[in-house]
Amino acid sequence: MNTAVLERVTLAVDCMGGDHGPSVTLPACRAFLEAHPEAHLILVGKPDALAAAAAWPRCTVVAASEVVEMDDPVEVALRKKKDSSLRVAVSQVKPVDGGQAAAQACVSAGNTGALMAVSRYVLKTLEGIDRPAIATVMPNERDGYTTVLDLGANVDCTADHLLQFAVMGSALVAAVEGKEDPSVGLLNIGEEAIKGSETIKQAGELLRAAAASGHLNFHGNVEGNDIFKGTTDIVVCDGFVGNVALKTAEGLASMLSNFIKQEFTRNVFTKLAAVVALPVLNHFKARVDHRRYNGAALLGLRGLVFKSHGSADAFAFQMALTRAYDAARNRLLDRVHDRILETLAEMPVPSAQTQTETPALAASR
């Protein structure tokens, strides 16, 4: 595998997606280009909405006549709005006639279900991957990040899916953060191997088998608070649990920030104290600001797609662009592909007698 960074990275941007559309995406793209003088952007959307960007350097505007609304059903995005900005942007990542793709990654703040469905339809999944997963980072006590996946793409998961998430998460952290052997934790209700549902227990066996073969650095079971302790670099869970954990964390951070603001504005004395504590308060606010961690990777596809929060402001959307740029520049797609093939090669095709078990678990016995 070639791990050298790409010299030129082009991102395709769905400029119409999200709650705010071009009023947020265009300022974010402008700021991103100023911060990354070697980057190129393909801005996708309605031409009149993107007219202001037509003369920008290192930018190409691609027209799309339709927009996937945030409340559109997946079927509408997939079957009816075939010229939507979301679909056209994703299509820029697909190689044309066996050649190179126009862009190395796509970024959208659009409808999550629609983005996942369209991306899976247009790009297809990598060999060895049953379901793509959504991964993002959350701040931890070690002044770093914990990568968590899945965050909502797959509500019901098998043990095999959780193994695949662990491998893809390891490739993501290796590519973006430079940690070639990141640690993996399996989210559970306790650290003991005997705890959890049957799926979690089976997943633990698979992860231990993968670790024994040298393809994963499996720490063991972790609990919810370990995400914020930074116990492991990666935490793996199903999409239902992951999405609840993410939204809970964002809500808690917002609540704590509001509590602190209320306490410091109670009276003239607390306001004076706030002036003195302002540098500390600003640093705290920055550390818990979920906008800094915007940009979730849709892992397992034959192309890089990143999802921004639909409510993202320009700063948050710029962070999503930066995260996609770093992943593409460090060849995340190649790393995920190679790690998946290496890991699953250690787990042969199961025999018919193991139908009650997951395929990879049966093979590991």
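Check the entry above for the structure.
**Student:** Help me get a handle on the state of the cysteines, residues and values and all.
**Tutor:** Applying the stated rule across the entire model yields zero disulfides. Its sulfur unpaired, Cys237 is 8.3 Å from the next cysteine sulfur, which belongs to Cys157.

**Student:** An account of the packing of aromatic side chains is needed here, citing residue identities and associated values.
**Tutor:** Applying the stated rule across the entire model yields two aromatic pairs. For the pair Phe32 and Tyr325, a centre-to-centre distance of 5.8 Å together with 70 degrees between the ring planes defines the contact as edge-to-face. Separated by 293 residues along the polypeptide, Phe32 in helix α1 (residues 22–35) and Tyr325 in helix α10 (residues 314–329) bring together distant segments of the chain. Tyr325 shares its class with Phe32; the two are buried.

**Student:** Can you explain the pattern of salt bridges? Please cite residues and give values.
**Tutor:** Oppositely charged side chains can form a pair if their charged atoms are brought close together. In this structure the tally under the stated criterion is twelve salt bridges. The partner of Asp143 in a salt bridge is Arg287, and the shortest N-O contact between them spans 3.8 Å. One end of the pair, Asp143, is in the loop between β5 (133–139) and β6 (145–149); the other, Arg287, is in helix α9 (residues 268–288), with 144 residues separating them in the sequence. Judged by its relative accessible area of 61%, Asp143 falls in the exposed class. Among the residues examined, Arg287 registers a relative accessible area of 35% and is labelled partly exposed. Among the salt bridges present, the one from Asp289 reaches Arg291, with a minimum N-O distance of 2.9 Å.

**Student:** Please set out the nonpolar core residue by residue, giving values where relevant.
**Tutor:** Of all hydrophobic cores here, the largest spans 62 residues; its most connected members are Leu11, Leu41, Leu43, Val236 and Leu321. Ranked by residue count, the leading element in this core is helix α5 (residues 159–177), at eleven residues. Filtering out sequence-adjacent residues up to four positions away, Val236 remains in contact with Leu149, Leu162, Phe165, Ala166, Val184, Gly185, Leu186 and Leu187. Formed by 34 residues, the second largest nonpolar core is a distinct cluster that contains Ile42, Val122, Leu187 and Val235.

Reading the values: the criteria
Residues numbered from 1 in each chain as written. Predicted model: local features only at pLDDT ≥ 70, side-chain atom pairs only at ≥ 80, totals over all residues. Heavy atoms only, no water. Disulfide = S-S within 2.5 Å. Phe/Tyr/Trp six-rings, centres within 6.5 Å; stacked < 30°, edge-to-face > 60°. Helix = DSSP H or I, 4+ residues; strand = E, 2+ residues; numbered from the N terminus. Buried < 20%, exposed > 50% of the residue type's maximum accessible area, 1.4 Å probe, protein only. Salt bridge = Lys/Arg side-chain N within 4 Å of Asp/Glu carboxyl O. Core = buried A, V, L, I, M, F, W, Y, C linked by side-chain atoms within 4.5 Å. Contact = heavy atoms within 4.5 Å.

In short, shape yes, function no, at least from these values alone.
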